[in-house]
Amino acid sequence: MSLRNAACIAGAFEHPTRLAPDMTTPQLHAECAAGALADAGLSLTDVDGYFCATDAPGFGPISMIDYLGLTVRHTDSTEMGGCTYIQHVAHAAEAIAAGKCSVALIALAGRPRSEAVQRFRPGAPEAAFEQWVGLTNHTSYGMCAARHMHDFGTTSEQLAWIKVAASHHAQHNPHAMLPKVVTVEEVVNSPMIADPLHRLDCCVTTDGGGALVVVSPEIAKTLNRPVISLLGAGEATKGPSGGLGLDLTVSAAAQSGPRAFEEAGVTPADIKYASIYDSFTITVLMQLEDLGFCAKGEGGKFVADGNLISGTGKLPFNTDGGGLCNNHPMFRGGITKVIEAVRQLRGEAAPAVQVPNCDLAVATGIGGSLGARHGAATIILERQS
Amino acid sequence: MSARKLSAPQPNPETQTFWDGLGEGVLRIKTCEACGKPHYYPRHVCPHCGSDRTRWLETAGRGEIYSLSVMRRGEGAPFAVAYVVLDEGPAMLTNLVADDLDALAIGQRVRLAPQASDAEATGDGPSLPFFTPSGD
Ligand SMILES: [Zn+2]
């Protein structure tokens, strides 16, 4: 079974809030679900498949399906960190192709600025060997950047261009957390957090969420929206593999990306717009290499000089401002990656950053900890003419 | 700047021998009699081949820095997080201790320098497998 044209994204909604002290997480979930369904021209009663991850409180799908008032015949609570919701699009397509559901709702929400949130389940086998290490995301991704610099001569200035490009896009997004354009100098002169990553190499932390509605091609044709089809998908995981497989310069996207491109029957050169998970600047650089937009080690040169800025660069990326400047709800940037790709394919991105004739896009992400064990998910989306 | 808390790991039947070794200044990893490959962190079942014929292997406690990142912010900063590749093969996630954290570099030789965890002061917690430059 191939996922090529197996399903379509009919609804996409990004919650406008970035700080929600007076809301609850289930409420945010419900508002995101309502927003995506309204965008698709569907209602709660149309949903027969529900997809969520560990950001959904309580018993996950069991709690949230009841809270939302859904009646579904298929649920999926696959968890792969921040890229989960990219993966959920593919899993929804699998379920739709298998006849298990026809209208799948995917939602994410959380309030890490307003309440203490539990990010990891206890009892991991590696915990006793890593908890005392102080492996925050900063040091984890910092070690990847340090090794990339060591092996390939990548520079802080090259990494900074990724933030600069994101900030150029964020200035056109009224909801962006950091709408101010920054320069390479401002990035490399911002305080060092975990060598070699500066404060402005890091993404924002936001309350918020988003939702997607994935439907069968037959239903998509009945809706009054552009038809955005899934062409291909790939997923992978990667870890130190007992200590013999450590290579911090290559992510699991080196497996998920080629799988997605092969299924879609297209190449990176065909892509008009790319949503690239941007927890840190280095996350983007490594995925660009791993997806084949440039050779391994050439990412620094590829991103430099504004090459990722829409309108002037070769590969417009994260035109909403991404996690680096716009939104990274619940520490999870996967769903906003898909949402902006859908906006671009529909021609509904901010006019200043809209890619002309954008008919083919990729959304790719990393979940977990890039410097330890992580997952990757990649999807290729096409606008049907 | 507040002191850094080094939370004591909880030994379990799979890992008790590892933590006991550190108390004696010895770093033990696991190796596999079926496939011959060593691994870290230690498991009962080999992650390379799935065999349960794993046994403890005493290392020389020496290796080389694969990568590192010095945390500059927050509790106990600065401290150096690193991967060290042991001479026996496996890489391990650890901390580096040194008078000058800025002088640490990828490729530098290091040796085991067991560090007391917080609970050890009260008599219950195991030592942690930190490393320090060995100068060789
Ligand atoms: Zn084995």
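The coordinates are above.
Some thoughts on the pattern of salt bridges
Working step 1: Counted under the stated rule, the structure contains 27 salt bridges over all chains.
Working step 2: Ionic pairing is found between Arg62(B) and Asp136(B), a salt bridge with its closest N-O pair at 3.9 Å. Residue Arg62(B) is found in strand 4 (residues 62-71), and its partner Asp136(B) is found in the segment after strand 10 (131-133); the two are separated by 74 residues along the sequence.
Working step 3: Taken together, the salt bridges that share partners define one network made up of Glu14(A), Arg18(A), Glu340(A) and Arg343(A).

What to know about the coordination of the zinc ion
Residues and elements named next belong to chain B.
Working step 1: Protein coordination of the zinc ion is provided by Cys32 (SG), Cys35 (SG), Cys46 (SG) and Cys49 (SG), with donor distances spanning 2.3 to 2.4 Å.
Working step 2: Within one chain, the residues serving as donors to the zinc ion are arranged as C-x2-C-x10-C-x2-C. Taken together, the residues Cys35 in the loop between strand 1 (28-32) and strand 2 (38-39) and Cys46 in the loop between strand 2 and strand 3 (54-58) connect sequence positions 11 residues apart.

Brief notes about the sheet that holds strand 10 (residues 360-368) of chain A
Residue and element names in this part refer to chain A.
Working step 1: Here we have 9 strands laid out as an open sheet, ordered 3-2-4-7-1-8-11-10-9, and mixed in their pairing. In this open sheet, the two strands that pair with only one neighbour each are strand 3 (74-76) and strand 9 (273-276). With direction set aside, neighbouring strand axes in the sheet form an average angle of 20°.
Working step 2: By the bridge criterion, 4 bridges tie strand 9 to strand 10 in an arrangement that is parallel. Its bridge partner being in strand 10, Ser275 is matched across the sheet by Ala363.
Working step 3: Of the strands in this sheet, strand 1 (8-14), strand 2 (49-51), strand 4 (103-110) and strand 7 (208-215) touch helix 1 (residues 25-40), which is tilted by about 135° from strand 1.
Working step 4: Packing against the sheet, helix 3 (residues 84-97) makes contact with strand 1, strand 2, strand 3, strand 4, strand 7, strand 8 (228-238), strand 10 and strand 11 (374-383), and its axis sits at approximately 160° to strand 4.

What counts and what doesn't
- Residues numbered from 1 in each chain as written.
- Chains lettered and ligands numbered in written order.
- Predicted model: local features only at pLDDT ≥ 70, side-chain atom pairs only at ≥ 80, totals over all residues.
- Heavy atoms only, no water.
- Salt bridge = Lys/Arg side-chain N within 4 Å of Asp/Glu carboxyl O.
- Helix = DSSP H or I, 4+ residues; strand = E, 2+ residues; numbered from the N terminus.
- Donors = N, O, S within 2.8 Å, 3.2 Å for Na, K, Ca; no water.
- Pairing = 2+ DSSP bridges.
- Axes fitted to C-alpha atoms, helices over the stretch in contact; angles between N-to-C directions.
- Contact = heavy atoms within 4.5 Å.

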